[in-house]
Each structure stands twice: as structure tokens, then as C-alpha cells.
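# Notes for the structure review
So the chains spell out like this:
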Amino acid sequence: MTYNTYIYISLAFLASLLFLYTLAKQKDFRIILLYFIMAGHTFLFEYVIFTLLDSYVYYPKILQNPFYDSIMGAIVSNGFVIPMVSVSMAAFYVSWKNRFLTAFYIMAIEVLFLSLGIYEHNWYRTIYTGFGVLGAFLIADFWHSTLRGKPGRLARFFSLFIPAYTFKASAQFFASGVFNKFIYTAGWFENPYRDSIAYATPSAIFCSLILAYTFTYYKRWAVLLLSLIFLCLTDYLQYYFGFIQLYDWSLWMYFLLTPAALAFIWLLDAISFRR
């Protein structure tokens, strides 16, 4: 591994230790759900500023493909650091004085990454990170309070939709970007890899909306099975019209991503809401 890789992995490791400490002290599995909700929020934000607007570039040097490698760096920031720190802030009811201090430390880490040349801004500025982190703390507070109460059906829907998206988007990226099993071809960007990720996110959102809605409002085997069939049919149509290009994967393997997402939110629901 390179020097860059060690730094990024170390940062993800430290964030994971903080999250595991939070989970152990709180002894509440809803902390896991809260994490996936926060990760989903940061992924959606990242999709806009990073994938669509080309805000910055990460250099973890984990993957050979430069764009996918940059996404791996984004995962460290937005899949580990920001959501895990936000969960801890909410779970321990950390004062806003210390939250501002934490946001400052995260900005300082970003400046360090810039000085080391393992991260680079395009139009983005470090101050935006400070505001984004404080916003994440507020969102984590809202969801922490909601999950600890008695969330209504609409709140439960969103609390399952966002983690479903987190799971589906992550599965799509690792299958396509890391293991090179398929690629999306929408024709939105000249770079085929940016184009693939740009298409993958709306695809994951659509799938997650259907799964979370049927699971929350119906939750009967027949309806869930119909939703899976419908989503597999939409996947087939995307494949038929050339939006999905498979490499050494069969279409059936691609289809499995959808029931895997359903099983994931089923598990989250079981450990979070059943008392």
C-alpha cells in the first residue's frame, strides 16, 4: 500500500473505533440505523457536489481507475468520518461548543490533506466543509430524536428508504467500480466512469423508494414479491436498452442486488423498531 492509502485507511479506522465505542456505550441498535441514515444523507450530498459538479478530487491510491479511486476517498470522508462523528455527537448529546470545535478539527484535517497532496479542490473551499459538518450534526440530532421516540409511518418510511439507498448505491459501486462486473451508460458525461456513477444514483434512489414504500405501508409477502418482480423488470429494460453493460456477470447476478437491499432494510427494521 502507498503512503496515501495508509492515511485514508487510518482515518476510516479511527472513525470506526469512535462508532463502535458509541454503539458499545449506548447499547442501542438504533445507532446502527442512525449511521446508515447519516451515510445516505452524505452520499446524496456528495452525488450533487462531487459526481455532478466536480467539486474536488481524492487521491487514496487504492484503485487504478482515477475516478473510482477518488470515490474510494469520498467513501472514507462521507461513509466513515462525517456520519460516524455525527452519530456520536447526537448519541452523547455533545455541547455545541464542542461540536464547533469538532468541525474545526475536521476542517484542519482537510487542510492537512491538501498540504500533503492527497486531496485537491476544484471549485470547493474548506469553509464549506465546516458548514456541512454542522449541518450533518443537526440532521443527526433530528433523526436521533425521531428514532428514540415513536416514529410514525412516514418517518419509518424515510428511515428505511435512506439506508436502502445507502446499501444499494454502495453495492452498485463496489460491484461495478471495484470488481468491474458492469457499467452504466447513460451518455450524460464524457468520462464513462463518472457517467456510470451519475446514472447509478437515480437508479438506486428509484429502487430504494419502491422497496421502502412497499415494506413500510404493506409489508405482505405478495406485495413485496410483486415489487421485486417489478424492479427486476425495470432492470431488464435498462439492460435491454443498453443502460447496463455486463462484463463477467450474468443478468441474474445483477438482479440479486435488489432482494439484497430488501433483506438489508428488513434486518434494520427488525433490530430498530421491534421491541
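Residues numbered from 1 in each chain as written. Predicted model: local features only at pLDDT ≥ 70, side-chain atom pairs only at ≥ 80, totals over all residues. Heavy atoms only, no water.

Our next topic: the overall build of the protein chain. Per the secondary structure count, the protein chain includes 10 helices and 4 strands. Radius of gyration (C-alpha) of the protein chain: 19 Å, near the 19 Å computed for a compact globule of 275 residues. Considering only C-alpha atoms, the protein chain reaches an extent of 50 × 50 × 30 Å along its principal axes. Per-residue burial for the protein chain yields a buried fraction of 54% across its 275 residues. A fraction of 73% describes how many contacts in the protein chain between residues 6 or more apart in sequence connect residues 24 or more apart. Just so you have it, the protein chain exposes about 13600 Å², and 70% of that area is on carbon and sulfur atoms. Charge-centre separation for the protein chain: the mean point of 18 positive side chains lies 18 Å from the mean point of 12 negative side chains. (Helix = DSSP H or I, 4+ residues; strand = E, 2+ residues; numbered from the N terminus. Rg over C-alpha atoms; globule rule 2.2 N^0.38 Å. Buried < 20%, exposed > 50% of the residue type's maximum accessible area, 1.4 Å probe, protein only. Contact = heavy atoms within 4.5 Å. Areas by Shrake-Rupley, 256 points an atom, 1.4 Å probe, with all protein chains shown as cover. Lys, Arg positive; Asp, Glu negative; His and termini not counted. Charge placed at Lys NZ, Arg CZ, Asp CG, Glu CD.)

Counted by the stated rule, this structure contains 7 salt bridges. Salt-bridge contacts for Asp28 lead to Arg30; the nearest nitrogen and oxygen are separated by 3.0 Å. Here the two residues Asp28 and Arg30 agree in accessibility, since each one is buried. Arg99 is the partner of Asp141 in a salt bridge, and the nearest nitrogen-oxygen pair spans 2.6 Å. Remark: Arg99 occurs in helix α4 (residues 96-116) and Asp141 occurs in helix α5 (residues 126-148); sequence separation between them is 42 residues. Overlapping salt bridges, with partners in common, bring together Asp28, Arg30 and Arg148 in one network. (Salt bridge = Lys/Arg side-chain N within 4 Å of Asp/Glu carboxyl O.)

The computed volume of the largest pocket comes to approximately 480 Å³. Every residue lining the largest pocket is counted, 29 residues in all, and those nearest its centre are Ser77, Asn78, Ile82, Thr129 and Val133. Elements that contribute at least two residues to the lining of the largest pocket include exactly α1 (3-26), α2 (30-52), β1 (56-58), α3 (66-91), α4 and α5. The element contributing the most residues to the lining of the largest pocket is α5, with 7 residues. When its residues are assigned to classes, the lining of the largest pocket shows 19 nonpolar, 8 polar and 2 charged. Looking at the second largest pocket, its volume works out to about 190 Å³. (1 Å grid on protein atoms, 1.4 Å probe; cavity = no way out; pocket = protein on both sides within 12 Å on 5 of 7 lines; lining within 4 Å. Points joined across faces, edges and corners; volume = space filled by probe spheres on them. Nonpolar A, V, L, I, M, F, W, Y, C, P; charged D, E, K, R; others polar.)

Where α1 meets α3, the axes come as close as 9 Å, and the angle between the chain directions of the two elements is 25°. In this view, α1 runs roughly parallel relative to α3, as classed from their interaxial angle. Once α1 is placed against α3, the crossing between them reads as left-handed. Note on element contacts: α3 touches α1 through Gly73, Val76, Phe80, Val81, Met84, Val85, Val87, Ser88 and Ala91, opposite Tyr8, Leu11, Ala12, Ala15, Ser16, Leu18, Phe19, Thr22 and Gln26. (Axes fitted to C-alpha atoms, helices over the stretch in contact; angles between N-to-C directions. Parallel < 35°, antiparallel > 145°, perpendicular 65-115°, else oblique. Left-handed = near helix turned anticlockwise from the far one by under 90°.)

By the element assignment, Thr51 lies in helix α2. Distance in space between the C-alpha atoms of Thr51 and Tyr119 is 16 Å, their sequence separation being 68 residues. The residues contacting Thr51, other than those within four sequence positions of it, are Glu46, Phe189, Arg194, Ile197 and Ala198.

In this structure the tally under the stated criterion is 2 cavities of 30 Å³ or more. Elements with a contribution of two residues or more to the lining of the largest cavity: α2, α3, α6 (153-178) and α7 (192-217). A per-element tally of the lining of the largest cavity places α6 first, with 6 residues. Across the lining of the largest cavity, the residue classes tally to 12 nonpolar, 5 polar and 1 charged. By volume, the second largest cavity is sized at about 60 Å³.

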